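# Chain and residue survey
Here is what each chain is made of, one letter per residue.
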Amino acid sequence: GGMIKENSITKIDSLTTVFIITDYKNELKIKYSGILPDLFREGQGVVANGKYFSDENIFISDELLVKHDENYMPPEVAKDLKMKVSK
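A few points on the structure. Along each chain, residue indices are assigned from 1 in the same order as the chain's sequence is written. Since the coordinates come from a predicted model, pLDDT governs what is reported: local features require at least 70, and pairs of side-chain atoms require 80 or more to be given and counted, while whole-chain, interface and lining totals use all residues. With hydrogens and water set aside, each side-chain value is computed from the structure's full complement of heavy atoms.

## Quick notes on the pattern of salt bridges
A side chain with one charge may pair with a side chain of the opposite charge, provided their charged atoms come close. Spelled out, the test is: The term salt bridge refers to a pairing of a side-chain nitrogen on Lys or Arg with a carboxyl oxygen on Asp or Glu at a separation within 4 Å. Each helix is a run of DSSP H or I of at least 4 residues and each strand a run of E of at least 2, with the numbering of both proceeding from the N terminus. Under the scheme applied here, a residue whose accessible area is under 20% of the maximum for its type counts as buried, over 50% as exposed, and between as partly exposed, the area being computed with a 1.4 Å probe on protein chains only.
For the structure on display, the rule yields one salt bridge. Salt-bridge contacts for Glu-27 lead to Lys-5; the nearest nitrogen and oxygen are separated by 2.8 Å. Residue Glu-27 is located in strand S4 (residues 27-33), and its partner Lys-5 is located in the loop between strand S1 (2-4) and strand S2 (10-11); the two are separated by 22 residues in the primary sequence. Accessibility expressed as a relative area gives 47% for Glu-27, which makes it partly exposed. Judged by relative accessible area, Lys-5 falls into the partly exposed class, the value being 30%.

Printed below as a string of structure tokens:
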């Protein structure tokens, strides 16, 4: 989980989207196939469920959870983001 990086969303086709999530220290490329949640947008928090492919350095997601606060983030990510924002 992390924040959707600004200017990182690319629509491949009507159901496939590639984007980058960040914790403002690390980044991970996500490829998602499906209908995007209503709250999906740059700067929004997201949790992606799926599988990481190290040979391609990409995370293939089959489920996205998007929420306006840290309730859908792993606790360590929410804590880290709060620390970075408050600096």
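## A closer look at the packing of aromatic side chains
So the rule is basically this: Ring pairs are drawn from Phe, Tyr and Trp, using the six-membered ring of Trp, whenever the two centres fall within 6.5 Å, and their geometry is named by plane angle: stacked under 30 degrees, edge-to-face over 60, tilted for the rest.
Within this structure, the stated rule accounts for one aromatic pair. Pairing Phe-19 with Phe-40 gives two aromatic rings, centres 4.9 Å apart and planes at 75°, and the pair type is edge-to-face. Taken together, the residues span a long stretch of sequence, with Phe-19 in strand S3 (residues 16-22) and Phe-40 in the loop between S4 and strand S5 (45-53) at a distance of 21 residues. No difference in accessibility class separates Phe-19 from Phe-40, as the two residues are buried.

## What to know about the environment of Leu-28
Counted only if it meets this: We call two residues contacting when some pair of their heavy atoms lies within 4.5 Å.
Turning to its location among the elements, Leu-28 is positioned in strand S4. Taking the relative accessible area as the measure of exposure, Leu-28 reaches 23% and is therefore partly exposed. With 29 residues separating them in the primary sequence, Leu-28 and Asn-57 have C-alpha atoms 7.9 Å apart. Not counting chain neighbours up to four residues away, the residues in contact with Leu-28 comprise Phe-19, Ile-20, Ile-21, Tyr-52 and Phe-59.

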